[in-house]
Amino acid sequence: MAKRKPSGRLPQAQHGDKSKPSQHDKRKRLAYPNQRRRRTTESVAPLRGGLETLAGSMARMLDARIAFRLPIVVAGMMLAGG
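Reading the values: rules and limits
- Think of each chain on its own: its residues are numbered from 1, step by step along the sequence as written.
- Two thresholds apply to this predicted model, a pLDDT of at least 70 for residue-level local features and 80 or more for giving and counting side-chain atom pairs, whereas whole-chain, interface and lining totals are computed over all residues.
- For side-chain calculations, the full set of non-hydrogen atoms in the structure is used, while hydrogens and water are omitted.
- By definition, any uninterrupted DSSP run of H or I lasting at least four residues is a helix, any uninterrupted run of E lasting at least two residues is a strand, and each is numbered from the N terminus.
- The classification of residues rests on relative accessible area computed with a 1.4 Å probe and restricted to protein chains. Under 20% of the type maximum is buried, over 50% is exposed, and intermediate values are partly exposed.
- In protein, a polar contact requires one atom able to donate a hydrogen and another able to accept it; more generally it is a pair of N or O atoms within 3.5 Å, and residues adjacent in sequence count only if both atoms are side-chain atoms.
- Any pair of residues with heavy atoms lying within 4.5 Å of one another is described as a contacting pair.
- Cavities and pockets are defined on a 1 Å grid built over the protein atoms alone: a cavity is a set of grid points where a 1.4 Å probe fits but cannot escape, while a pocket is an open set with protein on both sides within 12 Å along at least five of seven lines, and lining residues are those with an atom within 4 Å of any such point.
- Grid points are joined across faces, edges and corners, and a volume is the space filled by probe spheres set on the points.
- The classification used treats Ala, Val, Leu, Ile, Met, Phe, Trp, Tyr, Cys and Pro as nonpolar, Asp, Glu, Lys and Arg as charged, and all other residues, Gly among them, as polar.
- Each patch groups residues whose relative accessible area exceeds 30% and which form no salt bridge, using 9 Å between like charges and 5 Å between nonpolar side chains of Val, Leu, Ile, Met, Phe, Trp and Tyr.
- Throughout, the Shrake-Rupley method with a 1.4 Å probe supplies accessible areas, and for residues the shown protein chains are the sole cover considered.
- Take a side-chain nitrogen of Lys or Arg and a carboxyl oxygen of Asp or Glu: if they are within 4 Å of each other, that pair is a salt bridge.

### Points about the side chain of Ser43
On the secondary structure map, Ser43 appears in the loop between α1 (26-31) and α2 (50-59). For Ser43, a relative accessible area of 16% corresponds to the buried category. Polar side-chain contacts of Ser43 include one of 3.1 Å to the backbone oxygen of Ala45. Excluding residues that lie within four positions of it along the chain, Ser43 makes contacts with Ile72 and Ala75.

Here it is in structure tokens:
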């Protein structure tokens, strides 16, 4: 087989080694929990009437760990502007 002629173009640049860690690394952040953090248990503007009943019945179908969030999300959807 014949040798190819060398190309006139320069070789493509390669990425350098990663020199610093990612600023989005969770391991460092999770090692020090925020003591001032408040857990959300209910919405600031609670639902009333039919929406409360509807959101409560839909929340019962969800896992208990996330069911309490559904009325909060529904209240946020009702209050969202734009």
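Now, onward.
### Considerations on the layout of surface pockets
A volume near 150 Å³ is recorded for the largest pocket. What lines the largest pocket is simply Thr41, Glu42, Ser43, Pro46, Leu47, Arg48, Glu52, Phe68, Pro71 and Ile72. For the lining of the largest pocket, the class distribution of residues is five nonpolar, two polar and three charged.

### Observations concerning a nonpolar patch on the surface
Together, Leu51, Leu54, Met58, Met61, Met78 and Leu79 line one region of the surface with nonpolar side chains, adding up to about 640 Å² of accessible area. Looking at the nonpolar patch, the element that brings in the most residues is α2, giving three residues. With respect to the helices and strands, Met61 occurs in the loop between α2 and α3 (64-67).

### Observations regarding the pattern of salt bridges
Pairing between side chains of opposite charge can happen when the charged atoms of each approach one another. Scanning the model with the defined rule gives one salt bridge in all. Across the pair Arg65 and Asp63 runs a salt bridge, and its minimum N-O distance is 2.7 Å. Residue Asp63 is classed as partly exposed on the basis of its relative accessible area, which comes to 38%.

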